Amino acid sequence: MYRGRLERDLKIWVDKGLVDASTAKALLREYDGRETSFSAGRVLAIIAAVLLGLAILLFISANWEALPRIVRLTGLVAMIWAFYLASAYLLAQGRSILASGLLILGTLSFGGAMALVGQMYNLSGDELSMMVVWFVAACVVAALFRSAAQVGLAGFLAWAFCGVYLWEHFDQWYGIMPWIPPLMAVVLIALVRYADAPLARHLAYLMLVGWLTWLFPRHEGLTTAILFAALGMVAFLVVSISASPLMPFARTAGAAPAFYAFLIASIGFFLVHAEISNGSFENNVWVEDKVPLIVVAAATLVGSVVAIALSGRDNGAVRYLAYFVFACEILYLASETIGSIIGTAGFFLVAGVLVAIAAWLVIQLERRFSNNGGQGTRV
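None of the values given here were measured: they were computed from a predicted structure.

1. Quick word on the packing of helix 6 (residues 127–145) against helix 8 (residues 180–195)
Closest axis-to-axis distance for the helix 6/helix 8 pair is 10 Å, and the angle between their directions is 15°. Taken together, the axes of helix 6 and helix 8 are roughly parallel relative to one another. Crossing handedness for the pair helix 6 and helix 8: left-handed. For the pair helix 6 and helix 8, the contacting residues are Val 132, Phe 135, Cys 139, Ala 142 and Ala 143 in the first and Ile 180, Met 184, Val 187, Leu 188, Leu 191 and Tyr 194 in the second. Taken together, the residues that form the contact of helix 6 with helix 8 break down as 11 nonpolar, no polar and no charged.

The following block contains the structure:
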């Protein structure tokens, strides 16, 4: 996708005389010579490693009782070390795809070995503790080998930990375990930078968003919802304003920090609406009860406009999320206020006009972004 856009842009620049044809060809050759982040062979190799790892573990567990205890323990340790040493050898030979597959096999074998050894020696402990140890082992291997695939596996193990926790303690605060997901997310983000695994960062950010959303019902209320939205907007401003000291650091992470920060703010705005609607509007008195709704709606609309103004030109994900939030807020505000006064037909008329105005504003913004794209300015 990006190569096609780059090729089209280079053709336009050649036609305008900004770049000569030989330079354009050289740029395309340089891009084509890079190692791409996505490789079908790499993906298939990782899938094959996962399937082989599961097959090995199932074979061992099926014949577990027939093996002497010392053979079981020695065989598991030898298998894990064999995978890691073979991966190190392949990396030294420059065969990174096969090495990534063997690293996956080694880490999967490590997790399976923990379960089998625990069963063999009747070791105490729960699944959550085992998942934490497994995640730590995956992170150590990812750091030692600087493997992007291993960072991705560590991210999925972090999600597996969250799944196990939700399955066993969905509506409970179980010891210190609820604090583990944000800690895992921080470790993953550090590994993403260290091992150059940009795709894995989304696993960390999504886990943080999910953790915050799960945390809300533990302290449900209007104050918590407002704090949710406020923290999201503050985080967005910190990673989006040019004067912020974290702006250069956030820019190296691409569009993700600003998008997920604004996503948290958007969820917070939704929670504020839900809390106010459930508590304040039961009597349907427009003059008194609708005032908080209008204030919240105005804050939501302002937040969307700020998001578009700060990141709209450079960050398409933030831009379209802000458009979506803005449009939903306009329709919701119209249904709660105008709709109760002028009836259904009038509501659709006014809503249509408002959406048309919003569409016109979006078109104007898009044109302005397109015209100012090469000047590096923000709206």
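Next comes the rest of the description.
2. Quick look at the nonpolar core
If you look at the biggest cluster of nonpolar residues, it comprises 33 residues, and the most contacted ones within it are Phe 135, Val 151, Phe 161, Met 184, Leu 188 and Met 207. Going through the elements one at a time, helix 5 (96–121), helix 6, helix 7 (148–169), helix 8 and helix 9 (201–215) are the ones with two or more residues in this core. If one sorts the elements of this core by residue count, helix 7 sits on top with nine residues. Aside from chain neighbours lying at most four places away, what touches Met 207 is Ala 158, Trp 159, Cys 162, Pro 181, Met 184, Ala 185 and Leu 188. Counting residues in hydrophobic clusters, the runner-up holds 32 residues, among them Phe 216, Ala 225, Phe 262 and Val 272.

3. A word on the packing of aromatic side chains
For the structure on display, the rule yields nine aromatic pairs. With a centroid separation of 5.2 Å and 20° between ring planes, the pair formed by Tyr 205 and Tyr 260 is classed as stacked. With Tyr 205 in helix 9 and Tyr 260 in helix 12 (residues 256–280), this pair connects stretches of sequence that are 55 residues apart. Seen in terms of ring centroids, Tyr 320 and Tyr 323 are 6.0 Å apart; in terms of plane orientation they differ by 75°. Their pairing is edge-to-face. Taken as a pair, Tyr 320 and Tyr 323 lie in helix 14 (residues 316–371) at a separation of three residues, close to a single helical turn. Members of the aromatic cluster, each reached through a chain of ring pairs, are Tyr 165, Trp 173, Trp 179, Trp 211 and Trp 214. The ring of Tyr 194 has Arg 146 sitting right over it, with the charged end atom 4.1 Å from the ring centre.

4. Points about helix 6
Compared with the 27 Å implied by 1.5 Å per residue over 19 residues, the 27 Å span of helix 6 between its first and last C-alpha is a close match. Those residues of helix 6 that fall on the buried side of the exposure criterion are Leu 128, Met 131, Trp 134, Phe 135, Ala 137, Ala 138, Cys 139, Val 141 and Ala 142. Immediately beyond the C-terminal end of helix 6, within one or two residues, lies Arg 146, with a positive phi of roughly 50°.

5. Some details on a nonpolar patch on the surface
Residues Leu 73, Val 77, Trp 81 and Leu 85 make up a contiguous nonpolar surface patch of about 390 Å² in total accessible area. Residue placement: Leu 73 occurs in helix 4 (residues 69–92).

Here is what the cut-offs are and how they apply
Residues numbered from 1 in each chain as written. Predicted model: local features only at pLDDT ≥ 70, side-chain atom pairs only at ≥ 80, totals over all residues. Heavy atoms only, no water. Axes fitted to C-alpha atoms, helices over the stretch in contact; angles between N-to-C directions. Helix = DSSP H or I, 4+ residues; strand = E, 2+ residues; numbered from the N terminus. Parallel < 35°, antiparallel > 145°, perpendicular 65-115°, else oblique. Left-handed = near helix turned anticlockwise from the far one by under 90°. Contact = heavy atoms within 4.5 Å. Nonpolar A, V, L, I, M, F, W, Y, C, P; charged D, E, K, R; others polar. Core = buried A, V, L, I, M, F, W, Y, C linked by side-chain atoms within 4.5 Å. Buried < 20%, exposed > 50% of the residue type's maximum accessible area, 1.4 Å probe, protein only. Phe/Tyr/Trp six-rings, centres within 6.5 Å; stacked < 30°, edge-to-face > 60°. Lys NZ or Arg CZ within 6 Å of the ring centre and 35° of its normal. Expected span 1.5 Å × (residues − 1). Patch = residues over 30% accessible without salt bridge, like charges linked within 9 Å, V, L, I, M, F, W, Y side chains within 5 Å. Areas by Shrake-Rupley, 256 points an atom, 1.4 Å probe, with all protein chains shown as cover. Salt bridge = Lys/Arg side-chain N within 4 Å of Asp/Glu carboxyl O.

The values reported here are purely geometric and, on their own, carry no functional implication.
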